[in-house]
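So you can see what is in the structure, the chains are spelled out below.
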Protein chains: 2
Amino acid sequence: MKNIVLKSLLFLLLLINTAYAATPLPSWNDTATKQAIISFVKQVTTIGSPHYVQPSDRIATFDNDGTLWAEKPTYVQDVFTYDRIRALAPLHPEWKAKMPYKAVLENDKAALDALSFDAWIELVLASHGNYTTEEFNQIVKYWMAQARHPQTGRLYTEMVYQPMLELLAYLREHGFKTYMVTGSNQEFVRPWAEKIYGFAPEQVIGSSFKKKFVLQDGAPVIMQLPEFSSVTDGDGKPVSIEQVIGHRPIAAFGNSDGDLPMLQWTTAGKGLRFALLVHHTDATREWAYDRKSSEGKLDKALDAAKANGWTVVDMKNDWKVIHPFEKKY
Amino acid sequence: MKNIVLKSLLFLLLLINTAYAATPLPSWNDTATKQAIISFVKQVTTIGSPHYVQPSDRIATFDNDGTLWAEKPTYVQDVFTYDRIRALAPLHPEWKAKMPYKAVLENDKAALDALSFDAWIELVLASHGNYTTEEFNQIVKYWMAQARHPQTGRLYTEMVYQPMLELLAYLREHGFKTYMVTGSNQEFVRPWAEKIYGFAPEQVIGSSFKKKFVLQDGAPVIMQLPEFSSVTDGDGKPVSIEQVIGHRPIAAFGNSDGDLPMLQWTTAGKGLRFALLVHHTDATREWAYDRKSSEGKLDKALDAAKANGWTVVDMKNDWKVIHPFEKKY
């Protein structure tokens, strides 16, 4: 009798498992893009396959802005920066008349879009520096819990891409170690990335601030200083991957020219490799942009994808839904 | 019949498991030190314990030199540096007459011991810089496969501490994520740390060189530059832990004043914490040294251990064997 129960249970488990295995990536339409992902994963994870990769080498890296969540109309860390500048302005009366702070306080979109890189850095450092790491973590968590996207009214953490969440889960189920490699500051992303994406803090690699160990009345704290220690956009992505992970990824996922060096570095390794670009082609459900966009400019990387046969997601045709809140099934 | 076989197998597994659980850390004598380790691990891993810590927060960090392997008579990376300087000398005839290179080429131990920090850095940069990361990885692997300890004649990788290997395994079996946090360069440690200690490259945090992404005839490489991007000794240890891991450890293991900030940072967190110092007290089987040593100076940290009730390993009395090659059981 017990044997029958055990066998029935095993059979049920097998059924569930088979049913599940037959429908990975449910929010992806059954196009060549989805097939390319599944084919790659099968080839590197099936024992006996000529392209089999042992689990410790199954490293996959993901850009964040425009790849895992929306980056229009403004990069989320920039929105946070402007909000922090407004919050801190009462302590700095001189900011009212001083650029680039003036542009933020007057909400001068044209001036903000035209900011130089140095002016942008100045705003980031003035709004992010001189906190203990624990204080800053709380500031970010509080902000993310209430800040909303200006067009959809959704929390920014709801503006993630459902198909990419499924892709992260699919890779993890197949033994991949997944990392985010973002141009945003890791100090801005780590406080919420585990809850939203399943990236533990050590799996989030981003631009970072210099830090200092300080004993305050005998109690140690780590101060976040108003100075960058690394900037992980463009060439900085493979460099930080090498510094932090110390392995070359076998798969990389991005959406812009800032991700091109990461994709080049990933695909230049030996054995089967996978590179994917998310192409924003859906002006109705999201935004359509590429070569001329100020956020997520996709120009050289799109040419490189064509030249090298990388996988390009056509959001409009490849994705059944964009965000989790649209999901009907 | 099948049921009996199954039950017998389960019973056997239970027996093996119980026998194993009853004898963790076999190379540790049954002293208060061993009991302190086991008590801590039980309290943070037993569900229902008031000090229970979820697996994702079970971070343990280990110094390397003097904590996981021998650091006498010379730090291993220094031996490597001097060997590289000798190997490169034919390309630099001017080194024969130029300090600090002259001291290396003449094997002038007194002059080498008296080198300033800047002179030491110069030797490291001249011998480690301007390689691709893959070339340097091969150089290190080749060297580690044949370089031998001057007194024991053993490979340096055999000079690891058996009780610490068992401690690493014991923590990992209890769901800890273990990291090495070493003052040595991570580029020098990562090529062999996985095989010897079970630390994957991303679990090795060390001093690091700046790197540059370069396309060589269209093929991407990462160059290791003759410039430091971080130095992870002293205050640099908690800073790098925050930068790379982004969690505060709940347990930290060191042996010198260079580890003191890491132990302070670890024990200042909320909840039950564990700090351990390896005190080199065995002049017969290893070396006996502490407050006056040029390698692994243990002075302020020893006072802090006493003041704070941290665990101090008395190597002579706490460890049954020092190195794996002594093991008789």
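These notes cover the structure that comes with them. Here the structure is a predicted model, which means the values were calculated and not measured.

1. Points about the interface of chain B and chain A
Contacts between chain B and chain A engage 40 residues on the former and 40 residues on the latter. Summed over both sides, the interface between chain B and chain A buries roughly 3,000 Å², with carbon and sulfur atoms accounting for 53% of that surface. Summed over the three residues of chain B that lose the most area to chain A, namely B:E202, B:F213 and B:Q243, the buried surface amounts to 23% of that side. Along the contact surface separating chain B from chain A lie four salt bridges. The shortest N-O distance in the salt bridge between B:K177 and A:E202 comes to 2.3 Å. Here chain B is connected to chain A by 22 residue pairs in polar contact (both at pLDDT 80 or more). With seven residues, the single largest contributor to the side of chain B that touches chain A is strand β4 (residues 204–216) of chain B.

2. Quick word on the side chain of B:K237
Residues and elements named next belong to chain B. Residue placement: K237 occurs in helix α10 (residues 236–245). Within the structure, K237 has its side chain in polar contact with the side chain of D259 (distance 2.8 Å). Residues contacting K237, with those up to four places away along its chain left out, are D63, V181, T182, G183, T232, G258, D259 and M262.

3. As for the packing of aromatic side chains
The tally for this structure, following the rule as stated, stands at 38 aromatic pairs over all chains. Seen from their ring centres, A:Y197 and A:F199 are 5.8 Å apart, and the 65° between their planes marks the pair as edge-to-face. The exposure class of A:Y197 is buried, given its relative accessible area of 4%. Grouped by ring-pair contacts, the aromatic residues A:W69, A:F80, A:Y131, A:F136, A:W143, A:Y156, A:F188, A:W192, A:Y197 and A:F199 constitute a single cluster. Between B:K72 and the ring centre of B:Y289, over which it is positioned, the NZ or CZ distance is 4.6 Å. A cation sits over an aromatic face here: B:R248 above B:W265, 3.6 Å from the ring centre.

4. Here's the deal with the nonpolar core
Within the largest apolar cluster, 66 residues are counted, with the highest numbers of intra-cluster contacts made by A:F62, A:W143, A:M164, A:L167, A:Y197, A:F253 and A:W319. If you tally residues by element for this core, the top one is helix α3 (residues 76–88) of chain A, at six residues. Dropping the residues within four chain positions of it, A:M164 is found in contact with A:W28, A:F62, A:T67, A:L68, A:F253, A:V278 and A:W319. Of all hydrophobic cores here, the second largest spans 64 residues; its members include B:F62, B:W143, B:Y156 and B:F176.

5. Focus on the relation of the copies chain B and chain A
Aligned on chain A, chain B shows an RMSD of 0.0 Å; the corresponding rotation is 180° and the shift along the axis is 0.0 Å. The superposition of one copy onto the other is thereby described by a two-fold rotation axis. Considering only C-alpha atoms, the part of chain B nearest the rotation axis is B:V244, at 3.4 Å. Taken as a fraction of all interface residues of chain B, those also at the interface in chain A reach 100%, which identifies the copy contact as same-surface.

6. Here's the deal with the pairing of strand β3 (residues 177–185) of chain A
Side chains on a regular strand alternate between the two faces of the sheet. Residues and elements named next belong to chain A. Along β3, seven of the nine residues are buried, which leaves the element largely enclosed by surrounding structure. Direction of pairing for strand β1 (residues 59–62) relative to β3: parallel, over a ladder of four bridges. Residue A60 lies in a different strand from β3, and its bridge partner there is T178.

7. Observations concerning unusual backbone geometry
Here the bond from A:M99 into A:P100 is cis, since omega is 0°, no more than 30 degrees from zero. With respect to the element layout, A:P100 can be found in the loop between α3 and α4 (101–105). Even without being glycine, B:N130 reaches a positive phi, approximately 65°.

8. A word on the environment of A:E202
Tracing the backbone shows A:E202 in the loop between α9 (186–197) and β4 (204–216). Between the C-alpha atoms of A:E202 and A:Y179, which are 23 residues apart in sequence, the distance is 8.4 Å. If sequence neighbours within four positions are ignored, A:E202 has contacts with A:Y179, B:K177, B:Y179, B:V244, B:I245 and B:H247. A distance of 3.3 Å separates the side chain of A:E202 from the side chain of B:H247, its partner in a polar contact.

9. Regarding the side chain of B:H323
Here B:H323 lies in the segment after α13 (315–318). Contact partners of B:H323, with chain neighbours within four places excluded, come to B:E158, B:M159, B:V160, B:Y161, B:Q162 and B:E286.

10. With respect to the pattern of salt bridges
Taken as a whole, this structure holds 28 salt bridges over all chains when the rule is applied. For the salt bridge of B:K72 with B:E295, the shortest nitrogen-to-oxygen distance reads 2.9 Å. Of the two residues, B:K72 is situated in the loop between β1 (59–62) and α3 (76–88) and B:E295 in the loop between β8 (288–289) and α12 (300–308); the sequence distance between them amounts to 223 residues. For the pair formed by B:K72 and B:E295, the shared burial category is buried. For B:E227, the salt bridge is made with B:K210, and the minimal N-O distance between the two is 3.2 Å. On the criterion of sequence distance, the pair formed by B:E227 in strand β5 (residues 219–230) and B:K210 in strand β4 is long-range, its members being 17 residues apart. What emerges from the salt-bridge pattern is a single network uniting A:D63, A:K237 and A:D259.

Calculation rules
- Residues numbered from 1 in each chain as written.
- Chains lettered and ligands numbered in written order.
- Predicted model: local features only at pLDDT ≥ 70, side-chain atom pairs only at ≥ 80, totals over all residues.
- Heavy atoms only, no water.
- Contact = heavy atoms within 4.5 Å.
- Buried area = accessible area lost by both parts, 1.4 Å probe.
- Salt bridge = Lys/Arg side-chain N within 4 Å of Asp/Glu carboxyl O.
- Polar contact = N/O pair within 3.5 Å; in protein donor to acceptor, adjacent residues only side chain to side chain.
- Helix = DSSP H or I, 4+ residues; strand = E, 2+ residues; numbered from the N terminus.
- Phe/Tyr/Trp six-rings, centres within 6.5 Å; stacked < 30°, edge-to-face > 60°.
- Buried < 20%, exposed > 50% of the residue type's maximum accessible area, 1.4 Å probe, protein only.
- Lys NZ or Arg CZ within 6 Å of the ring centre and 35° of its normal.
- Core = buried A, V, L, I, M, F, W, Y, C linked by side-chain atoms within 4.5 Å.
- Least-squares fit on C-alpha atoms with pLDDT ≥ 70 in both.
- Pairing = 2+ DSSP bridges.

Honestly, that's just the spatial picture; any functional story needs more than this.
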